[in-house]
Amino acid sequence: MHQALTEAPKGPLGGRWFQLVIGVICMSMIANLQYGWTLFVEPIDQKHGWGRAAIQVAFTIFVVMETWLVPVEGWFVDKFGPRIVVLIGGVFCAAAWAVNSVADSLAMLYLGAALGGIGAGGVYGTCVGNALKWFPDRRGLAAGLTAAGFGAGSALTVVPIANMIHSSGYEATFMTFGIGQGAVILALAWFLASPKKGQVPEVTRSAVSQTRESYTPVQMLKTPVFWVMYAMFVMVAAGGLMATAQLGPIAKDFHLDGVPVSIMGLTLPALTFALSIDRVLNGVTRPFFGWVSDHIGRENTMFIAFALECVGILALNQWGHNPVAFVILTGLVFFAWGEIYSLFPALCGDSFGSKFATTNAGLLYTAKGTASLVVPFANVAVASTGSWQAVFFFAAAVNGIAALLAIFVLKPMRARQINESLPAAKLAAEPAQ
């Protein structure tokens, strides 16, 4: 009876769960723009001889455009709805790989990267923001499932892309998959919609503290809570990226990259094994920890995950030279790291409301771009010290600090902010009670 009163009988086709499924599929369609890129670097270099470093500048351009423009794209979503932004994003994603397929200069390759970053950012920010709006009662799970589409979405297409590059060339692969991925996004975008009043359940009792106000982006930026969250996001993202983005060089310096490892009857080179586990755990961790956070609270879950990441990185430093330990411990590190892309958006929605959730989550997401600027210093540290130990200690330390901040700083700070917003909300609600 209570459920019937809190959820509207009418809504978009398929209801809010169909909205979530659309978001997950669209995220899967943009995953290759980031995770499939590595397959194209060598073929491009073999044809044009531009050098790996110059070609990888395109990837940097993609990440910067994909990250830093999300707040702008989120503003358009909050003002005009998700459909138009994802439609344009799908066009940009298709155009990006189409440009890459005919690029005969680095300038054209960089143009393709910029188009891809704009398109992917529009789709990513929109789908995460829409999930936060449709699921105020299960934000952790909804954000986690959506982010999992991006984290693990390329798993099904990595082999077909690699095979097509081998059989038909990278140019045809860029064109075929670019148009195909863009077409799927375009088709699904038409079904996207923002929730209207009464179409989502009201959260009356929850393990998660939520505000009843909707903060504008400007109001949010004026709160200390946002900047504590932003600092934590940068710390954990930077620490995780330093440990995970450098997995290839770490394996090589540990002399493990080609060493065969057998686990549960499966034998693969250590680095290949670790990367394969990464793809799986990078997807699984997001809905898992999101679901956990819906039941025990965001900050409590952050403490557990960040502490686990700290321990995992220290263990990798201590025992990572063993091939089997390397595979298992890198899996632990990936599992304890990828959840930031579900916990932080959910926490942002809880703290600042649903109305401007897409823009607000987009502003917080720029922390990923800020964190990526720190990653190159890992190589500087290794070059100067001749060891990965300083990098591991730094990554473990920032995760440990973030875990403590979650419990002892962010949790009480958020509680005070939410309690300060309750009196007016209670007064408005009392006549109906």
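Just so it is clear, the structure is predicted and the values come from calculations on it, not from any experiment.

Draft legend 1. The arrangement of the pairing of strand S2 (residues 266-269) in detail. Here strand S1 (residues 260-263) runs beside S2; their pairing, made up of four bridges, is antiparallel. Across the sheet, residue Pro260 finds its bridge partner in S2, namely Pro269. The turn joining S1 and S2, which pair antiparallel and follow one another in sequence, is formed by two residues; a positive phi near 55° is taken by Met264.

Draft legend 2. Quick look at the pattern of salt bridges. Scanning the model with the defined rule gives eight salt bridges in all. Between Arg16 and Asp137 there is a salt bridge whose closest N-O contact spans 2.9 Å. In this pair, Arg16 is assigned in helix H2 (residues 15-35) and Asp137 in the loop between helix H7 (106-134) and helix H8 (139-152), connecting sequence segments 121 residues apart. Here Asp137 falls in the partly exposed class, since its relative accessible area comes to 28%. A salt bridge links Arg414 to Glu299; its shortest N-O distance comes to 2.6 Å. Placement of Arg414 in helix H20 (residues 389-429) and of Glu299 in helix H15 (residues 298-319) is noted, with a sequence separation of 115 residues between them. One salt-bridge network, in which partners are shared between bridges, spans Arg139, Asp294, Arg298 and Asp350.

Draft legend 3. Focus on the domain arrangement of the protein chain. Per the domain assignment, the segments making up the protein chain are domain 1 (15-190) and domain 2 (217-420). Here the C-alpha centre of domain 2 lies 22 Å away from the C-alpha centre of domain 1. Contacts between the two partners involve 32 residues from domain 1 and, on the opposite side, 32 residues from domain 2. Approximately 2,600 Å² of surface area, both sides summed, lies buried where domain 1 meets domain 2, with 62% of it carried by carbon and sulfur atoms. The interface formed by domain 1 and domain 2 holds two salt bridges in total. The partner of Arg139 in a salt bridge is Asp350, with the nearest N and O atoms 2.9 Å apart. One can count 11 residue pairs in polar contact (both at pLDDT 80 or more) joining domain 1 with domain 2. The set of elements that each furnish at least two residues to the side of domain 1 that touches domain 2 consists of H2, helix H4 (52-68), helix H5 (70-80), H7 and H8.

Draft legend 4. Quick look at the packing of aromatic side chains. In this structure the tally under the stated criterion is 25 aromatic pairs. Where Phe233 meets Tyr341, the ring centres are 6.1 Å apart and the plane angle is 65°; that geometry is what we call edge-to-face. Note that Phe233 is positioned in helix H12 (residues 224-244) and Tyr341 in helix H17 (residues 340-352), a separation of 108 residues in sequence. The pair formed by Phe233 and Tyr341 is uniform in burial state, with each residue classed as buried. Within the aromatic cluster, the residues linked to one another by ring pairs are Trp37, Phe40, Trp97, Tyr170 and Phe174.

Each value, and the rule that gives it
- Residues numbered from 1 in each chain as written.
- Predicted model: local features only at pLDDT ≥ 70, side-chain atom pairs only at ≥ 80, totals over all residues.
- Heavy atoms only, no water.
- Pairing = 2+ DSSP bridges.
- Helix = DSSP H or I, 4+ residues; strand = E, 2+ residues; numbered from the N terminus.
- Salt bridge = Lys/Arg side-chain N within 4 Å of Asp/Glu carboxyl O.
- Buried < 20%, exposed > 50% of the residue type's maximum accessible area, 1.4 Å probe, protein only.
- Domains from an automatic or database assignment.
- Contact = heavy atoms within 4.5 Å.
- Buried area = accessible area lost by both parts, 1.4 Å probe.
- Polar contact = N/O pair within 3.5 Å; in protein donor to acceptor, adjacent residues only side chain to side chain.
- Phe/Tyr/Trp six-rings, centres within 6.5 Å; stacked < 30°, edge-to-face > 60°.

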